[in-house]
Amino acid sequence: MSSEIIGIIVMYALVLLMAIPLGRYIGKLFNYENTWLDRAFNPIDQIFYKMGGIDPYRQMGWKEHLAALLTINAVWFIISMFVLLNMEWLPLNPDGNPSMSGDLAFNTTVSFITNTNLQHYSGETGLSYLGQLTLMLWQFISAACGMAVCGVVFTAMKEKTTTQLGNFYSFFVRSATRVLLPICFVAAVILVFNGTPMTFEGKDTITTLEGKEQQVSRGPVAAFVAIKQLGTNGGGFYGPNSANPMENPNYITNIVENISIVLIPIALVFALGYVLKRRKLAWTVFGVMTLGFLLLLIPTITGETGGNPALEKMGISQTAGNLEGKEMRFGAAASANWATYTTCTSNGSVNAMHDSFTPMGGLTTLLGMMVNCFYGGIGVGFLNFYIFIILAVFISGLMVGRTPEFLGKKIEAREMKIAMMVALLHPLLILAGTALASHLYAGNPEAYASWLANPGYHGFSEMLYEFTSSSANNGSGFEGLGDNTVFWNIATGIVMLLARYLPIIGPVAIAGILAAKKYVPESSGTLKTDTPTFGFMVFAVIFIVAALSFFPALTLGPIAEYFSLY
Amino acid sequence: MKKHIIPAIRLTVFCAVFFSGIYTLSILGVAQLAPNQGNGFITEVNGKRYHTNVAQGFTQNKHFWPRPSAVDYNGAGSGGSNKGPSNPDYLALVQTRIDSFLIKNPGVERKDIPAEMVTASGSGLDPHISPQAAAVQVKRVAKARNLSEAFVQKKVAELTQKPLLGTEVINVLELNLALDGLSSLK
């Protein structure tokens, strides 16, 4: 086996090794049990509550949780718009970068508060250091927000009848200070010592060995990169993200950054098992997610290491795989590996350009975002999975003639309606958005010529990818797309907003409604939800929703390109 | 909603102080202990500074060349080509690169050219090439420097990084600096 493949396996093993104890730790946080870090963090959290004027013990119902979440997100929106529109004269702008246009500021703001990090600007020239620091703040707290919601839903799933689901601010602060902060700190320090810049000085200018002048962008990169990886944010400091050798200098940093992508999403599954005292359920969920993940990972790696058939015809050596848009220090396999992690988890950082992937790699990265719950984004990944569980419970209930129940709560028409709406929203946003863009382009290809960097099927894939990435709150892109235009900024901005908040509101509502219902203890008539059979059922529901709704669009893009090349 | 506005604002402001301020400054503090105080890895030779991790656009025959760059090795505006695998313009460009590589490297066979030397890297700043990509340039470099091929090959082998996991690579700048250092000794 090549050392590239061994690298990938070792990395996954490391992820599991860390995710299981981390999941236990997060479970304790959500349960308000004592942990060994309390001594350090209790006083810090107290300052947050004091400064915020918050009583962390006040219990909230599901509606109030949502009100708190939406209000604080609205505050972030306003602050972010102000900073991005006024960066030019605000402090910390040594390179003299300009402020953003209105539509770009809207897109960037929405992108970062929704944990998407779609970037229609380029970091080196499009943001001041104040802008970068502001966006970094959203990277921390939008991730904490996702985790807090997850905590609320876990609490609601416990075996009792209640409307008291904990305190939103408390879940939020605990997630930010006790999980994100310490791990970020460790990751950032590793990065700095491996050559990632961390400075507030502006560009460096050097003379190359052959006597030309070369400018090199610097900045507070390490601090930024750590949280963008860990918080399933993905917005890089530099334009090409973690492909840039300053942002991701070597194979070790690549492993650290890649592990950070998926660590918390997997840990949250184990946290579920801890909070509910149902470890078997957690392993079932983990099993389904991992099965789906591997089914995407393997073809991506095979596709990218196999090389581009069109280059094969030119008679050159492609033993190292398809290398357009990839970096040598990672190689094709580690790039394909990262691509699968980043699209399955709604992270969206890249260490290779997805636009230049083979059609197989393009297809699997799209599918990862279309499903959006094989591990998924921090907190919200599980929320998406929860919707599929509800659907699977209902369908299996109908199939075997039992009352659909999940964790002792009856699932009725109201919950099903919400679940269906959330499940259908994602395909609707992606397909309607792509249809609109294609319609505009096809109607006047000259006027929109700057949109697409590639003709034919691949051009269609670029548009499909952009809407898929927005709706999955992923943020990666087929970056050939000329996306800093009013149309793309506004359209994807709206998609990101709807695709972030509705899939949070839906599951919280379902979980809240279920929590208030009477608890029915398990009996012989109960449909078991922690068995492989039920896991398979959930997988089938996911497959049907993703495959049936997206297959026609995929045939027009990557699948057609595949058959034109091979 | 109303009763959440004030806590939301206050909490956000403190989060800004804590995460954008204190967290960033503490990493900045740790960076002062890191090599080159958090300014990225720098190689200093004869009083001149070079960024080890940023590719330079070597074009002279006596230097090893890095991978093609879609942004002309602009360290302040990095990026890839974002060309799809089936794009005819892209394929034509690769063909041109192959032809030009063959002309500038006489004695190299087409089947030996590794794809990396005719495809643009992801960042346009990829500082590394594989041993194979160095091997096909040895003949040219040796001739331009009046050195034996075996000697240049030995230098390449010396500077090949062989990590436990992952790919074997050579930093093009380090290799060229090493060779230039030799010539200045002569």
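Keep in mind the model is a prediction, meaning the values are calculated, not measured.

Novice: Residue-level account of the overall build of chain A, with values.
Specialist: What chain A contains, in helices and strands, is 18 helices and 4 strands. Computed over C-alpha atoms, the radius of gyration of chain A comes to 23 Å, within 12% of the 24 Å expected from 2.2 N^0.38 for 566 residues, which places it in the range of a compact globule. Based on the C-alpha atoms only, the size of chain A along its principal axes is roughly 75 × 55 × 50 Å. Looking at the 566 residues of chain A, the share that counts as buried comes to 68%. In chain A, the share of contacts with a sequence separation of at least 24, taken over all contacts with a separation of at least 6, comes to 78%. A total accessible area of about 18,000 Å² is found for chain A, and carbon and sulfur atoms account for 68% of it. The averaged location of the 33 negative side-chain charges in chain A is 18 Å from the averaged location of its 30 positive side-chain charges.

Novice: Can you break down the overall build of chain B residue by residue, with the values?
Specialist: A count of helical and extended segments in chain B gives 5 helices and 5 strands. Each helix (α) and strand (β) of chain B, taken in turn from the N terminus, gives the series α-β-β-α-β-α-α-β-β-α. Relative to the 2.2 N^0.38 estimate, which gives 16 Å for 186 residues, the radius of gyration of chain B is 23 Å and therefore markedly larger than a compact globule would have. For chain B, the C-alpha atoms occupy an extent of roughly 75 × 45 × 30 Å along the three principal directions.

Novice: Please provide a residue-by-residue account of the pattern of salt bridges, values included.
Specialist: All names here are of chain A. For the structure shown, the criterion picks out 20 salt bridges over all chains. Between Arg278 and Glu159 there is a salt bridge; the shortest N-O distance is 3.1 Å. Placement of the pair is Arg278 in the loop between α9 (251-276) and α10 (279-306) and Glu159 in the loop between α6 (129-156) and α7 (168-193), with a sequence separation of 119 residues. Classification of Glu159 by relative accessible area gives partly exposed; the value is 45%. One salt-bridge network, in which partners are shared between bridges, spans Glu159, Arg278, Glu522 and Lys528.

Novice: Mind laying out the packing of helix α4 (residues 102-113) of chain A against α6 of chain A, listing which residues take part and the relevant values?
Specialist: All names here are of chain A. Packing of α4 against α6 brings their axes to within 8 Å, and their N-to-C directions diverge by 35 degrees. Residues Thr108, Phe112 and Ile113 of α4 form the contact with α6, whose participating residues are Leu135, Trp138, Gln139 and Ser142. Class assignment for the residues of the contact of α4 with α6 results in 4 nonpolar, 3 polar and no charged.

Novice: Quick one: what's the story with the packing of aromatic side chains, residue by residue and with numbers?
Specialist: Tallying each qualifying case throughout the model produces 39 aromatic pairs over all chains. When the centroid spacing of 5.3 Å and the interplanar angle of 40 degrees are considered together, the rings of Phe270 of chain A and Phe286 of chain A count as tilted. With Phe270 of chain A in helix α9 and Phe286 of chain A in helix α10, the pair connects residues that are 16 residues apart, well separated along the chain. Taking 6.1 Å as the distance between ring centres and 85 degrees as the angle between the ring planes, the aromatic pair formed by Trp65 of chain B and Phe101 of chain B counts as edge-to-face. Linking Trp65 of chain B in the loop between β2 (48-51) and α2 (88-104) with Phe101 of chain B in helix α2, this pair joins segments that are 36 residues apart in sequence. Each member of the pair, Trp65 of chain B together with Phe101 of chain B, is buried. Lying over the aromatic face of Tyr274 of chain A, Lys277 of chain A brings its terminal NZ or CZ to 4.5 Å of the ring centre. Residue placement shows Arg140 of chain B over the ring face of Trp65 of chain B; its charged tip is 3.5 Å from the ring centre.

Novice: Could you give an account of a nonpolar patch on the surface, naming the residues involved and the relevant values?
Specialist: On the surface, a nonpolar cluster with roughly 500 Å² of combined accessible area is contributed by Ile5, Ile6, Ile9, Val13, Val17 and Ile22 of chain B. Considering the arrangement of structural elements, one finds Val17 of chain B in helix α1 (residues 2-31).

Novice: Describe the sheet that holds strand β4 (residues 160-161) of chain B, naming the residues involved and giving the relevant values.
Specialist: Residues and elements named next belong to chain B. A sheet is described by the order of its strands in space; here 3 strands give the open sequence β3-β5-β4, paired in antiparallel fashion. Looking at the sheet topology across the chains shown, the edges are occupied by β3 (128-129) and β4. Summarising the sheet, β4 and strand β5 (residues 169-171) pair through 2 bridges and their orientation is antiparallel. Across the sheet, Thr160 pairs through a bridge with Ile170, a residue of β5.

Novice: Please provide a residue-by-residue account of unusual backbone geometry, values included.
Specialist: Located in the positive-phi region is Asn473 of chain A, a residue other than glycine, with phi close to 50 degrees. Checked against the element boundaries, Asn473 of chain A lands in the loop between α16 (456-471) and α17 (486-516).

Definitions and limits used
Residues numbered from 1 in each chain as written. Chains lettered and ligands numbered in written order. Predicted model: local features only at pLDDT ≥ 70, side-chain atom pairs only at ≥ 80, totals over all residues. Heavy atoms only, no water. Helix = DSSP H or I, 4+ residues; strand = E, 2+ residues; numbered from the N terminus. Rg over C-alpha atoms; globule rule 2.2 N^0.38 Å. Buried < 20%, exposed > 50% of the residue type's maximum accessible area, 1.4 Å probe, protein only. Contact = heavy atoms within 4.5 Å. Areas by Shrake-Rupley, 256 points an atom, 1.4 Å probe, with all protein chains shown as cover. Lys, Arg positive; Asp, Glu negative; His and termini not counted. Charge placed at Lys NZ, Arg CZ, Asp CG, Glu CD. Salt bridge = Lys/Arg side-chain N within 4 Å of Asp/Glu carboxyl O. Axes fitted to C-alpha atoms, helices over the stretch in contact; angles between N-to-C directions. Nonpolar A, V, L, I, M, F, W, Y, C, P; charged D, E, K, R; others polar. Phe/Tyr/Trp six-rings, centres within 6.5 Å; stacked < 30°, edge-to-face > 60°. Lys NZ or Arg CZ within 6 Å of the ring centre and 35° of its normal. Patch = residues over 30% accessible without salt bridge, like charges linked within 9 Å, V, L, I, M, F, W, Y side chains within 5 Å. Pairing = 2+ DSSP bridges.

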